[in-house]
Amino acid sequence: MWAVADNSKKLTGTVIGTTESVDYTTSKKSTTVNTREMAFDGNLETFFASWERSYTWTGLDLGKQHVITRVGWSPRNDGLGEQRVVLGVFEGANREDFMDALPLYIIKEKGTIGQMSYGTVDCSRGFRYVRYVGPSDARCNIAELEFYGSEGEGDDSHLSQLTNLPTVSIHTQDGVIPYDKEHEIASQIAIISDNGTKLLYQPGGVRERGNASRSFPKKPYRIKFEKKQNVLDAPAKAKKWTLINNYGDKTLMRNLLAFELSRKMGMPYTPFGTAVDVLLNGEYKGCYQLCDQVDVRPKRVDITEMTPEDNAGEALTGGYFIEVDAYAYQEKSMFTSAKGNPVTIKSPDEDEITNEQHEYIRKYFNKMESQWRTYLDLNTFLRHFLVGELSGNTDTYWSTFMYKDRGEDVFHTGPVWDFDLAFENDDRTYPIMNLKDYIYRTKGSCAGKMKQFVDNIVVYDAAAKAQLLEIWDEVRQGGLTEEYMTDCIDAWEQTLELSQELNFIRWPIINTKVHQNPRTWGSYEAEVQNVRRYMKERFVWMDNKLGYTYQRTGIKVVQDGERNMKGDNSIYNLNGQRMQRSELMPGLYIINGKKVVVK
């Protein structure tokens, strides 16, 4: 048992919390039986049980701010009591409505009936209000609670994280739970990181997001701050961010691995993403991926952002951000191309795009489809293609982002997105290595006529196929290897260890097929091992498919800071065109007669 500091004591105050309880003898709602006060009556045989099953709580108004040093709890004395406290969360706040609440502690193990258990709180801020929020579907069901601490305002030098991952804690106005993609619920959003030493705390809103992923019990969310924010280590400063649920991805890392493939593939923009723990109104929701909202802005899709006045001349030429999208018919701002591809216009926004802009991008997309050698940037298209095929992504052409900037003639492809079914996680393509051809050509999901469009480039065009092989050689020699990806997998497995344990307590599906899982592997470790095995075999498959023999060479890798090389240099691209140092983008070049990868 943790020893209480000399100036800490057991705290008392006015009992607060959910008012409606359940009378188990009558199965009816009550305000006199099993009430919130019973969690503080010192009797381990009485208990609080709420009428509602989730988002219910009981706690104390301490009258003044106190720095909490430890918490205690004892489960209800019944057959389920010991389990019911697992993932219970303690919070502190200085607003009576708990909109400003921060986490104090999460219970990770079963309780013991008839006995108090204690947890150390590592949070330096003082709180007037403290509470215990029961786990989902538990009716709170707690026999006894205790809070210890000392009076004081404290400071923010150290706050509590649930695990080693950043903690994202969202509290909504009046406790409203997000329920669709259209209605944004006013919220306070807290992100605690850097081992509790850094806090981003800002007002904003939250709503659901996604398409198929919204059907899962673990919901995906979009958060929107009132003002642009720098979030964690993300390059962009923005209002909108996504919380991807990764429900069917039991490794919780497939999107993050795909983003790493994108970076190694030299894509101009790869979305920021990192793993986090999420709380909603004090209830633990699981391990999520906090990620860029893919939109037009610096450090994301970095093209000119249009206004409703951009209706003529060069201003009308961009920038446009679109998605070849199987769900486009559900969107307000969309068109079907001349060759039968459904396209959602992401930017300009559906509420701001003008008729002139809509017609321009529709006609220009049609021109690109029929004259892709002139109006499609093959470099990004082929790199995007390789990320999809190397990762084994069923949905590469179910949803494909593209963009065109102002004054440019070509459409660029990217960024990569949505890999929860990749890396051998789709029963429609499993086992991928048995497929004799690319995924998109065999069992992949393609929106509209995208299969034919891609065929025309990577199957039937000799020059494009040659460029595809050159890019593959560049990235393989630039360090995209089985060993590199295995190191990434190992690192994420270690980073996610504590969070995945909590996630699969909250969502006990590790041995259940969900979404398109082709099989269950029996444990988190075995799920990750499946991805390791896949990655090893896929490099061999891709090399064979492309007719490529991987051999380590003396190719030099030049980092960003080395691009301005001293002295005169003879620099050519692989098409034999002379280049200036200032023109170099990530890629493979011939510099002074030697192959050099510029990253």
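The residue numbers shown here count from 1 along each chain, following its written sequence. Totals for whole chains, interfaces and linings use all residues, but because this is a predicted model, local features are given only for residues with pLDDT of at least 70 and pairs of side-chain atoms are given and counted only at 80 or more. Side-chain figures throughout are based on the complete set of non-hydrogen atoms in the structure, without hydrogens or water.

1. What about the overall build of the protein?
Definition in use: Strands are runs of DSSP state E lasting at least 2 residues, helices are runs of H or I lasting at least 4, and numbering of each runs from the N terminus. Exposure classes here rest on a 1.4 Å probe applied to the protein chains alone. A residue is buried below 20% of its type maximum, exposed above 50%, and partly exposed in between. Between two residues, a contact is recorded if the distance between any of their heavy atoms is within 4.5 Å. Charged residues are defined here as Lys and Arg on the positive side and Asp and Glu on the negative side; His and the ends of the chain fall outside this count. To locate a charge, take atom NZ for lysine, CZ for arginine, CG for aspartate or CD for glutamate.
Along the backbone of the protein there are 10 helices and 26 strands. With the C-alpha coordinates aligned to their principal axes, the bounding extent of the protein is approximately 85 × 55 × 50 Å. For the protein, the proportion of its 599 residues judged to be buried stands at 58%. Considering only intrachain contacts with a sequence separation of at least 6, the fraction spanning at least 24 residues in the protein is 69%. For the protein, the separation between the mean place of its 74 positive charges and that of its 84 negative charges on side chains is 4 Å.

2. A short note on the sheet that holds strand β21 (residues 399-404)
Keep this limit in mind: Pairing between two strands is assigned when DSSP locates at least 2 bridges connecting them.
Spatially, 5 strands are ordered β19-β20-β18-β21-β22 in an open sheet, and the strand pairing comes out antiparallel. Looking at the sheet topology across the chains shown, the edges are occupied by β19 (334-336) and β22 (412-413). With 3 bridges joining them, β19 and strand β20 (residues 342-347) adopt antiparallel strand pairing. Bridging from a neighbouring strand, F335 pairs with V343 of β20.

3. Examining the side chain of Q188
By the element assignment, Q188 lies in strand β12 (residues 185-193). The class for Q188 is buried, based on a relative accessible area of 13%. In this view, Q188 contacts M99, S169, I170, H171, Y201, Q202 and P203; residues no more than four positions away in its chain are not counted.

4. Some remarks on the packing of helix α5 (residues 378-391) against helix α10 (residues 524-545)
Put simply, the test is: For every element, the axis is a line fit to its C-alpha atoms; helices are fit only across the contacting stretch, and the angle between N-to-C directions ranges from 0 to 180 degrees. An angle below 35 degrees is treated as roughly parallel, one above 145 as roughly antiparallel, one from 65 to 115 as roughly perpendicular, and anything else as oblique. When residue character is reported, Ala, Val, Leu, Ile, Met, Phe, Trp, Tyr, Cys and Pro are called nonpolar, Asp, Glu, Lys and Arg charged, and the others, Gly included, polar.
Across the interface, α5 lies against α10 with an axial gap of 9 Å and an inter-helix angle of 125°. In this view, α5 runs oblique relative to α10, as classed from their interaxial angle. Taken together, the residues of α10 that come into contact with α5 (itself represented by L386, E389, L390 and S391) are Y534, M535, R538, F539 and M542. A breakdown of the residues in the contact of α5 with α10 according to their chemical character gives 6 nonpolar, 1 polar and 2 charged.

5. Describing the environment of T413
Counting through the fold element by element, T413 comes out in strand β22. You can call T413 buried: its relative accessible area is 1%. Separated by 36 residues in sequence, T413 and D377 have C-alpha atoms that sit 7.4 Å apart. Those residues within four positions of T413 in sequence are excluded, and the remaining contacts are M267, L376, T380, F381, H384, T400, F401, M402 and Y403.

6. Observations regarding helix α2 (residues 254-264)
Taken across its 11 residues, α2 has 10 buried, putting it largely inside the fold. Within α2 the residues assigned to the buried category are R254, N255, L256, L257, A258, F259, E260, L261, S262 and K264. At the exit of α2 stands G266, carrying a positive phi of roughly 80°.

7. A look at empty space enclosed by the protein
Rules: Cavities and pockets were defined on a 1 Å grid built over protein atoms only: a cavity is a set of grid points that admits a 1.4 Å probe from which the probe cannot escape, a pocket is an open set flanked by protein on both sides within 12 Å along at least five of seven lines, and lining residues are those with an atom within 4 Å of any such point. Grid points are joined across faces, edges and corners, and a volume is the space filled by probe spheres set on the points.
Counted under the stated rule, the structure contains 2 cavities of 30 Å³ or more. Taken as a whole, the largest cavity holds about 80 Å³ of empty space. Lining the largest cavity we find H384, G388, N393, D395, T396, S399, T400, F401, P415, V416, W417 and F419. For the lining of the largest cavity, the secondary structure elements donating two or more residues are α5 and β21. In terms of residue count, the dominant contributor to the lining of the largest cavity is β21 (3 residues). When grouped by side-chain class, the residues that make up the lining of the largest cavity number 5 nonpolar, 6 polar and 1 charged.

These figures come from the coordinates and say nothing about function on their own.
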